[in-house]
Amino acid sequence: QVQLVESGGGLVQTGGSLRLSCAGSGRTFSNYGIGWFRQAPGKEREFVAGISWSGSKTYYADSVRGRFTISRDNAKNTVYLQMNSLKPEDTAVYYCATDAGGNFRTVDYWGQGTKVTVSS
């Protein structure tokens, strides 16, 4: 079993930056691809970015490509999401999750989420 804990959310102005962290427990953390997802008020949860178990492959939603960067440090059991040039539409609760199906459409474990608010 893997437990995930997100951190790094907060309030930031438009154009600002935040770095989210997803800390995993368990020796199998490095075996998993990890995805970041977000859910804005009144909207469905959506995929934001994903990274393979080795870190060699990364994936992004069109809405964040070029602004967000996902990375991981398996020695620290942590995945990061660097978010730059933030927009009000990036406001959401951000979750990390373990990829179960290889395409980030099925997940095994979710974190509890961290809230990001971008003010205009």
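Because the structure is a prediction, the values reported are computed rather than measured. (Residues numbered from 1 in each chain as written. Predicted model: local features only at pLDDT ≥ 70, side-chain atom pairs only at ≥ 80, totals over all residues. Heavy atoms only, no water.)

### A closer look at unusual backbone geometry
Of note, the phi angle at Asn77 is positive, near 50°, even though the residue is not glycine. Checked against the element boundaries, Asn77 lands in the loop between strand E7 (68-73) and strand E8 (78-83). Owing to a relative accessible area of 19%, Asn77 belongs among the buried residues under this scheme. Positive phi is not limited to glycine here, since Phe104 has a value of about 65°. (Helix = DSSP H or I, 4+ residues; strand = E, 2+ residues; numbered from the N terminus. Buried < 20%, exposed > 50% of the residue type's maximum accessible area, 1.4 Å probe, protein only.)

### Brief notes about the environment of Ser54
Within the fold, Ser54 resides in the loop between strand E5 (46-51) and strand E6 (58-60). Counting along the chain gives 11 residues from Ser54 to Arg65, while the straight-line C-alpha distance between them is 20 Å. Among the polar contacts listed, one links the side chain of Ser54 to the side chain of Ser56, at a separation of 2.9 Å. (Polar contact = N/O pair within 3.5 Å; in protein donor to acceptor, adjacent residues only side chain to side chain.)

### Overview of the pattern of salt bridges
In the structure shown here, the tally under the stated rule is 4 salt bridges. In this structure, Asp90 and Arg38 form a salt bridge, with 2.9 Å as the shortest nitrogen-oxygen distance. Taken together, the residues Asp90 in the loop between E8 and strand E9 (92-99) and Arg38 in strand E4 (residues 34-39) connect sequence positions 52 residues apart. An identical accessibility class is assigned to Asp90 and Arg38; each is buried. Arg65 serves as the salt-bridge partner of Asp62, at 2.5 Å between the closest nitrogen and oxygen. Accessibility expressed as a relative area gives 66% for Asp62, which makes it exposed. (Salt bridge = Lys/Arg side-chain N within 4 Å of Asp/Glu carboxyl O.)

### Topic: the sheet that holds E8
Read from one edge of the open sheet, 4 strands run E1-E3-E8-E7, paired in antiparallel fashion. One side of each edge strand has no neighbouring strand; the edge strands of this open sheet are strand E1 (3-7) and E7. In this sheet, adjacent strand axes meet at a mean angle of 15° when their direction is disregarded. Two elements, strand E3 (residues 18-25) and E8, share 6 bridges in a ladder whose sense is antiparallel. Bridge pairing in E8 links Arg19 to Gln82. (Pairing = 2+ DSSP bridges. Axes fitted to C-alpha atoms, helices over the stretch in contact; angles between N-to-C directions.)

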